[in-house]
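Chain and residue survey
Listed below, chain by chain, are the residues.
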Amino acid sequence: MLTSPGTLVYIGPETELKTRIKKIQYNEKVFSESVVKSLIECVPGERSEGLITWLNVDGIHQTSLIEKLGTLYELHPLLLEDVVNTEHKPKIELYDSGHLFVTLKMLHIDSELPLSISAEHVSFVLGHNYLISFQEELSDDIFTSVLARLKASVGKTRKNGADYLMFALMDVVIDNYFIILEKLGDQLDLAEDQVIRGSKHFTLADLYALKREITLVRRFIWPVRDIINQLIREDNPLVSKKSVPYYRDLYDHVVQMIDTIDSYRELLASLADVHLSTMSNRMNAVMKTLTIFSAIFMPLTFIVGVYGMNFDNMPELHFHYGYFYTWALMLLVTVGMVFYFKWRRWF
Amino acid sequence: MLTSPGTLVYIGPETELKTRIKKIQYNEKVFSESVVKSLIECVPGERSEGLITWLNVDGIHQTSLIEKLGTLYELHPLLLEDVVNTEHKPKIELYDSGHLFVTLKMLHIDSELPLSISAEHVSFVLGHNYLISFQEELSDDIFTSVLARLKASVGKTRKNGADYLMFALMDVVIDNYFIILEKLGDQLDLAEDQVIRGSKHFTLADLYALKREITLVRRFIWPVRDIINQLIREDNPLVSKKSVPYYRDLYDHVVQMIDTIDSYRELLASLADVHLSTMSNRMNAVMKTLTIFSAIFMPLTFIVGVYGMNFDNMPELHFHYGYFYTWALMLLVTVGMVFYFKWRRWF
Amino acid sequence: MLTSPGTLVYIGPETELKTRIKKIQYNEKVFSESVVKSLIECVPGERSEGLITWLNVDGIHQTSLIEKLGTLYELHPLLLEDVVNTEHKPKIELYDSGHLFVTLKMLHIDSELPLSISAEHVSFVLGHNYLISFQEELSDDIFTSVLARLKASVGKTRKNGADYLMFALMDVVIDNYFIILEKLGDQLDLAEDQVIRGSKHFTLADLYALKREITLVRRFIWPVRDIINQLIREDNPLVSKKSVPYYRDLYDHVVQMIDTIDSYRELLASLADVHLSTMSNRMNAVMKTLTIFSAIFMPLTFIVGVYGMNFDNMPELHFHYGYFYTWALMLLVTVGMVFYFKWRRWF
Amino acid sequence: MLTSPGTLVYIGPETELKTRIKKIQYNEKVFSESVVKSLIECVPGERSEGLITWLNVDGIHQTSLIEKLGTLYELHPLLLEDVVNTEHKPKIELYDSGHLFVTLKMLHIDSELPLSISAEHVSFVLGHNYLISFQEELSDDIFTSVLARLKASVGKTRKNGADYLMFALMDVVIDNYFIILEKLGDQLDLAEDQVIRGSKHFTLADLYALKREITLVRRFIWPVRDIINQLIREDNPLVSKKSVPYYRDLYDHVVQMIDTIDSYRELLASLADVHLSTMSNRMNAVMKTLTIFSAIFMPLTFIVGVYGMNFDNMPELHFHYGYFYTWALMLLVTVGMVFYFKWRRWF
Amino acid sequence: MLTSPGTLVYIGPETELKTRIKKIQYNEKVFSESVVKSLIECVPGERSEGLITWLNVDGIHQTSLIEKLGTLYELHPLLLEDVVNTEHKPKIELYDSGHLFVTLKMLHIDSELPLSISAEHVSFVLGHNYLISFQEELSDDIFTSVLARLKASVGKTRKNGADYLMFALMDVVIDNYFIILEKLGDQLDLAEDQVIRGSKHFTLADLYALKREITLVRRFIWPVRDIINQLIREDNPLVSKKSVPYYRDLYDHVVQMIDTIDSYRELLASLADVHLSTMSNRMNAVMKTLTIFSAIFMPLTFIVGVYGMNFDNMPELHFHYGYFYTWALMLLVTVGMVFYFKWRRWF
């Protein structure tokens, strides 16, 4: 049955683990970190003045919990729908109520050969002095490096606001794309090598599989450009002027990635042509072999057939050296044919 | 004969059923539903204050009835023309007289194998506190779920205006596209599977048929993006600010659908290449088989032909083991050929 | 020799008939129609107040006459050049002197099989309360239906201004495109049918011919979109607000046509691929037949060649059932081959 | 060595002739024409009031002379660089100092078969009441027709300013493109004819040569559209309102040419496909011929081989009509094969 | 491990040489040049009034040194990151602090056959009266020609500001692209020649290698257009009005290069088609040869087979001229076949 719009439906894989919420509060001097036991702790009113609050929600399958959290922060039901809809493509949405919503894909490599890439649904809600991050899976938290930097008070994160924190987290997600692209590039190099060498175990279906993965990655990275572009637009009240250069740097990275992906796609298309031409070349060689054999043996077989006829009156048969003359003739025909094909440059 | 512009011509399939008009009136507290017996009941003046009126017109073949309804609501003749012109593509039109017109296609699957999709012409006229919806066919009302929600007073529909009602109805139509896309995706997967496996019953004509359906669906979905875009433009007086997020959500869905369709189209093109390359591969194999047979048997046939000649003086014929030597020679030739082709990597 | 710019050169086919000018004057109440005998009758000053004047010029080969008419209405020499230049593509031009110029192509089907389409050059000069229409050919006036409607006082034409009259005439021209598109669609269906069935009388040259016609039609329809777009722009002083919905309707039609043409072009390209793949398939079948024949008869011919040798000492020749054993062997080889090809799925 | 920017380098073919400068001065009443002997005569100060001065510079290889002329008219060194750089593509540049610079290509047909097109570098410097035109080659002055019209006081040139003069000269250059396009169209028609007929002397290399020429011409015409567009922009102080319709007409011509070129390119691509399909068809025919021959003669050769065996016990050999029965059998096989291929529709 | 954003990572090839910084100070009258021994000498405060300071940094692998320099000039950490990130594509960035950053690629030809191109990372920081240039490699300073011109007081560089100096350096980099493009053009001509001649040593893999290089160069040149475009935008405070024409000239060059590259790409694609068609042609010729041989010798072999049969009753065998009649028949068949193929135009 079709559900009413704004109804939360989690459609990702079922997982039995409970959603885990971590609450981090910090400014340049203070830092506290705790695992949230009851949603009460998340109440925004409790946030002390001058502190940045980061709620990191691990797991998005408990839709009721997400819904309650949404009520606490006055999030629009459609926003929450996008948080749990793991099939939603990357997007940004600005809300009048003073927060913005960003959803991205964290890419993971599931298997190397053949390359298989899976996408984890990651969302951010950025408010004036808080950030809520949602991750699809429970295992292997991708944001630990940022948390470690926060705790250790190194880097610029502690000195900056929630907008810089979101940048740091998005940076982790997007830098990871470079690794994926490198893998794709390796596979492309491998395919290129096989195509150029004319490997027989290589088929166009291999290129097709590669293309599918590239198309997939492209669909996830492409909208990110637009997302960052909207974040650094002058009228955005939630991203401070100081953070803009960092987002612009991220923007540059994404543009460079899209550029790389597009060049991959183009090379893939050319490779397919080279492969087809190699196959065509090979066919040519086969046909030439066949033709050379036929052109040499057909006349010879005809000649020996002639002297296998049983006519009463066949003078050549009675020549003393007739048989040897015939061999000479056949040799002549063979040599003639070989020269003919040499002249036609078939060897 | 060409008709004067603004003349209503219904060009859909003939149906004998009478057009059925349902009149629903509601606000947050009240709800009434009745089947309209005479057009008098539709008169807008009769609408009570503070109520939303929804006229649902089932069947658009009785053009005279449509025309009268149009006069009651002061609809432009060209608008009515578009209501009954089932070949018109999706569009939006804003009228100065304070209403807007939207026409969409409801897609139905007629048969699964081969996939055949038909389109039902659905139109909306949205006024300040009324909505008129027109559906092409009488059977199987697609809006029943919305009507049920209205009646049961669940969901947000009852609390919102006519603009939200139109959103709810458009949502039903557009969500249905996902089902169509899924079917197309299934067919594409099937085709992909057959192409990769190199199935012999698969031809490019199958891909072509699939492409036709995808092209059709694309032509119906593509303009919807623009329609919603116009609905959520700031200067639109008929869509309230509260409804905009819902339409924006719908917009996201349509963009994602178009994205999906475009990736289908691209994959289709690649599949065609893979298929052609498979066929070319197969031809290569056939040619190699032929060449190997010829290259082995032509020399052999020549050899036996030699000793079938009838020359008086052929010393070999009188060797005691001549026949067996010949067999040895032929074995040698065969083995040589096999090794040659092994070396050329033809097996 | 190259002529000075602004010199009128009629380059269409020569016709001996004299240019015929019809003068129609009307408003909601009055209607008069006369064939112009002398250009004096066309003098704009003579137009009575409150009347719309329509001059319909049939034939544009008498450039001197066109030139004189141009002087009467203060038309720019370059405008007149475009009126008589039958190779000029559709365009719109707004003149400061208070009139605008539109030129279109009326499409005619010259022959059905193979489809051949010819274009008639039609131009309009729209002033405040007059319209001058120019048609290339004398026979078969395409505007008779509009004239009839004017005369009979039916339709909206009589109640509206010269801008609505131009709409009515353009509507006749553009509605006619649908007929052309339908014919092209029929031909495409025919081609599709032949390609899918794999008809042998079908070649890519047929698709090419169809493509030429479609390209031609596209070049004539494409600019019309822009023309109408300029007509309905808000700052256009010659098209009244009341006529805009009609032009917008026309605009919708043209967009739909361009859409259709583009989908035709795409299908044509796919059809070409399907055709090439069918041909490739057929070649495959031919090669398989050849290979099967060769693979069966080459070994057999070798065997009978063996026992055609004339060695003194060939024991098998003297076996009593040797001949029959040989047949058995040959049968075995044949059956083996057939099974081999069955196993390779060549049948 | 790389030269400092703004250094004049003439890189066209060397020519021994001296640069020839013609000075023409005119207004509606007066006209004078003289060959400049010393650069002093070109001094702008010498220009009488109310006269248009046209300096026509024939030959651009004497860079020192061009440089001096540039100093007289206060032309930017980079402008002069573009005047003598014959490889520079068409462009327009507006200078604050009150003049503008346009450079175009005059196209010449060097040889017809194969078509070879060369480009002459033509530049204009348009000031308030003067025009300087530069032509690459000395022979065959392309502007004589305009000069003749000026002298004869016919046409509008004498009544208008320097901007109209530049229009007249550009018109000569651009009208000439039509001739080039016609030649290209003729060659395309020829190629089309050969491809459709399936001429054997036609190869894809012919289409490629044609494509090269079309690409060349396109690169020269394409920027002209933008040049004229900038000339007719409202804020251009050097082109009077009166001349704008003429430039707009030129603009239309260029757009139509680009349109034509693009349709040529598209047809070329389709022709290549038709050609490849024709070749594929021919290969099919060849293969069928081979297969039919093989399928008929292989069984026959086998049959006669059977009765060429030397077994002691071969009953058929001793039948009185054995030989004739064999012929009957062979006839049967042949007829059978022919019917088989008829049925498979190979003839 | 992923590093915090703004951390300098040099990823180019390791080089043992020390970074060398040259400090040049000049105005129209004075010129001084020195190798910087301590970073203190670079302190901007030390710059005398009215002098342009150019710091040329050779080598970017000593990130700590770059970092210190950055602190002196108040450069953003992300700017420094882009200076040392040799994989970053060309870009421009304007900083509020009153300087702008440009990074380009200097292209070098590593080997000619096969053509291999490497890119050197070159960056500029342009301030009000200073310019810092960074080059990746230590050997072979590309800016010596500009330095020589500065020293010799020739050219316009000494009279203009730091913006003109940056233009002069960028001009060196970009002019060098022409040489690269020429080399690519030569290779393309070579490939074209081989394809048209139908050279057998040519494969599509050669075109592919060429395409890779062209794609690489394109990716480096393409963004330069946008960079210069931003430099000459009116609101740019660092580029003076006097320098704009020079940058505009550079812009023209880049546009022309991109144009050239695009035409190369298009020709490459066409060449691939011509090559495939040549191969297909050759296959056709091979098949024809085979078919002609088969069609001539199969009937002959059959005929001699007939008279090799051993039937008791074969009247022809006993005809006195039977053998010679057979030869006559075979001659007839051969001549017939030859005429048949002549008629089918296979020769």
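Residues numbered from 1 in each chain as written. Chains lettered and ligands numbered in written order. Predicted model: local features only at pLDDT ≥ 70, side-chain atom pairs only at ≥ 80, totals over all residues.

**Some points on the overall build of chain A**
- Check the secondary structure of chain A and you find seven helices and seven strands.
- Listing each helix as α and each strand as β along chain A from the N terminus yields β-β-β-α-α-β-β-β-β-α-α-α-α-α.
- For 347 residues, the compact-globule estimate of 2.2 N^0.38 gives 20 Å, and chain A exceeds it by more than 25% at 35 Å.
- Its C-alpha atoms give chain A principal-axis dimensions of roughly 125 × 45 × 35 Å.
- Taken over 347 residues, chain A has a buried fraction of 39%. (Helix = DSSP H or I, 4+ residues; strand = E, 2+ residues; numbered from the N terminus. Rg over C-alpha atoms; globule rule 2.2 N^0.38 Å. Buried ≥ 20, exposed ≤ 12 C-beta atoms within 10 Å, placed from the backbone.)

**Thoughts on the interface of chain A and chain E**
- Each partner contributes residues to the interface: chain A has 43 residues there, and chain E has 39 residues.
- Mapped by element, the contributors of at least two residues to the side of chain A that touches chain E are helix H3 (144–151), helix H4 (162–197) and helix H6 (244–306) of chain A.
- Residue contributions to the side of chain A that touches chain E peak at 28 residues, all from H6 of chain A.
- Split by residue class, the side of chain A that touches chain E holds 16 nonpolar, 16 polar and eleven charged. (Contact = placed C-beta atoms within 7 Å. Nonpolar A, V, L, I, M, F, W, Y, C, P; charged D, E, K, R; others polar.)

**Comments concerning the packing of helix H5 (residues 204–231) of chain E against helix H6 (residues 244–306) of chain E**
Residue and element names in this part refer to chain E.
- For the pair H5 and H6, interaxial distance at closest approach is 9 Å and the crossing angle is 160 degrees. With respect to H6, the element H5 is oriented roughly antiparallel. Taken as a pair, H5 and H6 cross one another with a handedness that is left-handed. (Axes fitted to C-alpha atoms, helices over the stretch in contact; angles between N-to-C directions. Parallel < 35°, antiparallel > 145°, perpendicular 65-115°, else oblique. Left-handed = near helix turned anticlockwise from the far one by under 90°.)

**Overview of the relation of the copies chain A and chain E**
- Rotating chain A by 72 degrees about the axis while translating it 0.1 Å along that axis superimposes it on chain E, leaving an RMSD of 0.2 Å. Taken together, these values place the two copies in the relation of a five-fold axis. In terms of proximity to the rotation axis, the leading residue of chain A is Gly308 of chain A, whose C-alpha is 4.9 Å off the axis.
- Counting the interface residues of chain A, we find that no more than 19% of their copies in chain E are interface residues as well, pointing to two distinct contact surfaces. (Least-squares fit on C-alpha atoms with pLDDT ≥ 70 in both.)

**Quick look at the UniProt feature "transmembrane region" (unreviewed entry) in chain A**
Residues and elements named next belong to chain A.
- Per the UniProt record, "transmembrane region" (unreviewed entry) is found at residues 289–309 and 321–341.
- The distance from the first to the last C-alpha atom of residues 289–309 is 31 Å, and the span holds 86% helix and 0% strand.
- Along residues 321–341 one finds 95% helix and 0% strand; the C-alpha atoms at either end are 30 Å apart. (UniProt positions renumbered as here; feature names shortened; annotations may be inferred.)

**Here we look at the confidence of the model for chain A**
- Considering every residue of chain A, the mean pLDDT works out to 87; 93% of them sit at 70 or more.
- Looking over chain A, one finds the lowest element-wise mean pLDDT in H3 of chain A, namely 87, and the highest in strand E7 (residues 130–135) of chain A, namely 93. (pLDDT = per-residue confidence, 0-100.)

**Examining the environment of His128 of chain D**
All names here are of chain D.
- Of note, His128 is situated in the loop between strand E6 (116–126) and strand E7 (130–135).
- As a C-alpha pair, His128 and Ser97 span 31 residues in sequence and 11 Å in three-dimensional space.
- Contacts of His128, omitting those with residues within four sequence positions, involve Gly98 and Leu238.

**Observations regarding helix H4 (residues 162–197) of chain B**
- End to end, H4 of chain B covers 53 Å across 36 residues, agreeing with the expected 52 Å (1.5 Å per residue, within 8%).
- A positive phi of about 75 degrees marks Gly198 of chain B, the residue just after H4 of chain B. (Expected span 1.5 Å × (residues − 1).)

**Describing the interface of chain A and chain B**
- Every contact between the two is made by 39 residues of chain A and, on the other side, 43 residues of chain B.
- Contributing elements (two or more residues each) for the side of chain A that touches chain B: helix H5 (204–231), H6 and helix H7 (322–343) of chain A.
- For the side of chain A that touches chain B, the class distribution of residues is 20 nonpolar, 13 polar and six charged.

**Side note on the sheet that holds strand E1 (residues 20–26) of chain C**
Residues and elements named next belong to chain C.
- The strand order across the open sheet built from seven strands is E2-E1-E3-E7-E6-E5-E4, with neighbouring strands paired in mixed fashion. The outermost strands of the open sheet, each flanked by one partner alone, are strand E2 (31–35) and strand E4 (91–94). Taken pair by pair, the neighbouring strands of this sheet meet at an average axis angle of 15 degrees, ignoring direction.
- The pairing of E4 with strand E5 (residues 100–111) spans four bridges and is antiparallel. Looking at E5, one finds that Glu93 is bridged to Phe101.
- Sitting on the sheet, helix H2 (residues 77–84) touches E4, E5, strand E6 (116–126) and strand E7 (130–135), and the angle it makes with E5 is about 10 degrees. (Pairing = 2+ DSSP bridges.)

**Points about the sheet that holds strand E6 (residues 116–126) of chain A**
All names here are of chain A.
- An order of E2-E1-E3-E7-E6-E5-E4 is seen for the seven strands of this open sheet, with the pairing classed as mixed. Single-partner strands in this sheet number two, and they are strand E2 (31–35) and strand E4 (91–94). Strand after strand, the sheet turns through a mean of 15 degrees between neighbouring axes, direction not considered.
- The pairing of strand E3 (residues 52–58) with E7 spans six bridges and is parallel. Across the sheet, Asn56 pairs through a bridge with Ser133, a residue of E7.

**Some words on the pairing of strand E6 (residues 116–126) of chain E**
All names here are of chain E.
- For strand E5 (residues 100–111) and E6, the ladder comprises eleven bridges, and the chain directions are antiparallel. Bridging across to E6, Val102 finds its partner in Phe124.
- The antiparallel pairing of E5 with E6 creates a hairpin that spans four residues between the two strands.
- Where E6 and strand E7 (residues 130–135) come together, five bridges link them in antiparallel fashion. Within E7, the residue paired with Ser123 across the bridge is Phe134.
- Hairpin connection between E6 and E7: a loop of three residues separates the two successive antiparallel strands.

**Observations concerning the environment of Leu113 of chain D**
- Locating Leu113 of chain D in the fold gives a position in the loop between strand E5 (100–111) and E6.
- The sequence separation of Leu113 of chain D and Ile258 of chain D amounts to 145 residues, and the corresponding C-alpha distance is 24 Å.

**Notes on the environment of Asp226 of chain E**
- With respect to the secondary-structure elements, Asp226 of chain E resides in helix H5.
- In the structure, Asp226 of chain E is positioned 80 residues away from Val146 of chain E in sequence and 24 Å away in space, judged by C-alpha atoms.

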